[in-house]
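Remarks on the overall topology
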Amino acid sequence: MNLDDTPEEADFRRRLRSWLHRTLPTLPPAPDPDDWPARRAHDCAWQRALHGAGYAGLHWPREAGGQGAGPLRHLILLEEAERAGAPYVGAGFVGLLHAGPTIAAEGTDAQRARWLPPILRGEEVWCQGFSEPEAGSDLAALRTRAVRDGDDYLVTGSKIWTSHAQIADWCELLVRTDPSAPRHRGLSWLAMPMNAPGVTVRPLRTLAGSTEFAEVFLDEVRVPVSCRVGAQNDGWRVSMVTLSFERGTAFAGEVVACRRTLAQLARAARANGSWQDAVLRRRLGRLHADFTALWRLVQANVSEAEHSWRSGAGGVPGVGGSVFKLRYSHARQELYEAAAEVLGPRSLDADQSWTADRLSSLAYTIAAGTSQIQQNIIAERILGLPSGSWR
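Now for a description of the structure that goes with this document. (Residues numbered from 1 in each chain as written. Predicted model: local features only at pLDDT ≥ 70, side-chain atom pairs only at ≥ 80, totals over all residues. Heavy atoms only, no water.)

Our focus in this paragraph is helix 4 (residues 93-106). Counted at 1.5 Å a residue, the expected span for helix 4 with its 14 residues is 20 Å, and the 19 Å between its end C-alpha atoms agrees. Where helix 4 bends most, at A99, the angle is about 40°, and the proline P101 comes one to four residues later. Counting buried residues along helix 4, 12 of its 14 residues qualify, which places the element largely inside the surrounding structure. (Helix = DSSP H or I, 4+ residues; strand = E, 2+ residues; numbered from the N terminus. Expected span 1.5 Å × (residues − 1). Bend = angle between axes of the 7 residues up to and from the residue. Buried < 20%, exposed > 50% of the residue type's maximum accessible area, 1.4 Å probe, protein only.)

Its identity is not glycine, yet H164 carries a phi of approximately 60°, on the positive side. Structurally, H164 is set in the loop between strand 3 (152-159) and strand 4 (170-176). For H164, a relative accessible area of 7% translates into the label buried. A positive phi angle, near 50°, is found at E220, a position not held by glycine.

Our focus in this paragraph is the nonpolar core. Counting residues in hydrophobic clusters, the biggest one holds 56 residues, and the most contacted among them are W126, V155, W189 and M192. Counting 29 residues, the second-largest nonpolar core is a separate cluster that includes A268, L280, V298 and L335. (Core = buried A, V, L, I, M, F, W, Y, C linked by side-chain atoms within 4.5 Å.)

Another point: the packing of aromatic side chains. In this structure the tally under the stated criterion is eight aromatic pairs. Judged by centre distance (6.2 Å) and plane angle (45°), the rings of Y88 and F93 are tilted. Note on Y88: relative accessible area 35%, which makes it partly exposed. For the ring pair W126 and W170, a centre distance of 5.9 Å and an interplane angle of 25° mean the geometry is stacked. Within this pair, whereas W126 is found in strand 1 (residues 126-129), its partner W170 is found in strand 4, the two being separated by 44 residues in sequence. Accessibility expressed as a relative area gives 0% for W126, which makes it buried. Taking the relative accessible area as the measure of exposure, W170 reaches 11% and is therefore buried. An aromatic cluster of three or more residues is present, and its members are F12, W19, W46 and Y55. Looking at R148, its charged tip hangs above the ring of Y153, at a distance of 5.9 Å from the centre. (Phe/Tyr/Trp six-rings, centres within 6.5 Å; stacked < 30°, edge-to-face > 60°. Lys NZ or Arg CZ within 6 Å of the ring centre and 35° of its normal.)

Next up on the list: the pairing of strand 4. Of all seven residues in strand 4, seven are buried, a share of seventy percent or more. Of the two faces of strand 4, the one lined by W170, E172, L174 and R176 and the one lined by C171, L173 and V175 are each fully buried. Relative to strand 4, strand 1 runs parallel, the two being bridged by four bridges. Pairing of W126 across the sheet is with W170, part of strand 4. Bridging between strand 4 and strand 5 (residues 187-193) involves seven bridges; their strand directions are antiparallel. Residue pairing for strand 5: C171 is matched across the bridge by M192. (Pairing = 2+ DSSP bridges.)

Turning to its location among the elements, S188 is positioned in strand 5. Taking the C-alpha atoms as reference, S188 lies 3.7 Å from G235; in sequence the two are 47 residues apart. Non-local contacts of S188, meaning those with residues more than four positions away in its chain, are made with L173, L174, V175, T177, R228, A231, Q232, N233 and G235. (Contact = heavy atoms within 4.5 Å.)

On to the pairing of strand 5, then. Along a regular strand, successive side chains alternate from one face of the sheet to the other. Counting buried positions along strand 5 yields seven of seven residues, so the element is predominantly enclosed. What you see with strand 5 is no split at all: L187, W189, A191 and P193 on one side and S188, L190 and M192 on the other are buried throughout. Where strand 5 meets strand 8 (residues 228-229), two bridges bridge the pair, whose relative direction is antiparallel. Note that in strand 8 the partner of W189 across the bridge is V229.

Another aspect to go through is the pattern of salt bridges. This model, assessed by the stated rule, comprises 25 salt bridges. E80 is the salt-bridge partner of R13, the closest N and O atoms lying 2.6 Å from each other. Here the residue R13 occupies a position in helix 1 (residues 7-23), and E80 occupies one in helix 3 (residues 71-83), the gap between them amounting to 67 residues. Note on accessibility: R13 and E80 belong to one class, buried. Residues E106 and R237 are paired through a salt bridge, measuring 2.8 Å at the closest nitrogen-oxygen approach. Here R237 lies in helix 6 (residues 235-248) and E106 lies in helix 4, a separation of 131 residues in the sequence. Among the charged side chains, a salt-bridge network with shared partners connects R13, R17, E79, E80 and R83. (Salt bridge = Lys/Arg side-chain N within 4 Å of Asp/Glu carboxyl O.)

With 17 residues, helix 1 should reach 24 Å at 1.5 Å per residue; the first-to-last C-alpha distance of 24 Å fits that figure. Residues E9, F12, R13, L16, W19, L20 and T23 constitute the buried set of helix 1. The buried residues of helix 1 occupy one face: seen down the axis, they fall within an arc of 130°. Opposite the buried face of helix 1, by more than 90 degrees, sit the exposed residues P7, R14, H21 and R22. (Arc of directions from axis to C-beta.)

Next comes the structure, spelled out in C-alpha cells:
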C-alpha cells in the first residue's frame, strides 16, 4: 500500500480543492432537519452539482454513468469534501454508498443503466430494507417473504430502521424466497419501488429527536423479477457485498469529521483551562492516535478495493472493513464522552450539536452490524478461529 498521492492524484486533489473553494460559498443554507422534502431537495441539488462538475461516481463504471477512475479517487473526494465542510451525501447515502456500488458490482448491464445514472444525477433516492423487528442483529433470521407469481414477486412482511424511507424512490430489500432452504441460502436481494401499492411507511423518532428511520410494512407488494440483483436465493452473498461497502468505505468521510471534531476539542480544552489536566491530555492524545490509525485503515481497505477494481473483480472491499467498523464505532463514542468532559455543561447547550452527536454515536455499535457480529467476522474470516470463539 502506497499512502502517497501519485502525480495524477495530487493534481486531481488540487483541482477538487479549487472547485470546492469556488462552489461552497454559493450554496444555500441547510434546511430544517425535520423538513425531509427540503432535505431531499438540498442533498440532491448538491449531488447534481457534483455530477455537473464531473465528481459523481468517480469509482463507478463508465457504462453506468460513472467516471471509471477507481476507489482511490473517490476516497480523495470524500476526504477533501469533508475537510472543506461540504454537504454530506445525506438523503443519497444508501443509493450512493450502499445500493449503487452493489448494483455496479453485481447487477446486469440493464440494471446498471436503469438505476445508477439517476443516483449519480441526484434524481432518485434509495433506502435500505434489511433489518426486521423480530430478527435483531441476526440478519439471516429475517421473515419478510417473497413468493414468485409469474414475472413478479409478492412481498409481505415488515422492515425497521429503514433509513430515509419517507423520501425514497427505491428500497434495497432483502427477502426470503425459499423458506425451506437453510436460512442463509433462501434469501434474495430486490430493488423495490417505494410507490408500489401495499407499501406503508411509518417514521420513527430516535433518542436524538431525528426521524431519519422508519418502519416499512409490505402487504403483497408486487416487485418485478427483473428487479432482483443476483440470482434467486443468492441474496445473502449479495447483501454481504452491500455490507462490505457500508463497513469498508462508507464511513470514510466520518473519520475525517471526527478528526476535525477532535481538533476542535483540543482548542476548547486549551481555551477553558482543562488542557492542564494530564489525564485529559492523554485521553485526547490516544483518540488522536486512534483516528489517525483508523484513517490509515480506511486507506488500506480502499487500496484493497482499488486492486479488486483494477483486476476486474468489482472493487468490493474485503473483510478488513469489519476491523475498521469495530474500532470506529467505539472510538466515536469515546470521542463524544471526551467532549462532555472538555465542554462540561456547554456540551448540553441547545445551540451546540454536541448533544445530538453524542446521542447518535450510541447507535454506531449497532448500525451496519453490531460489534459482536464484527468480532465474529474477524475471528472466523480473518483469524480462522472456530465459530463463536471470540466469546
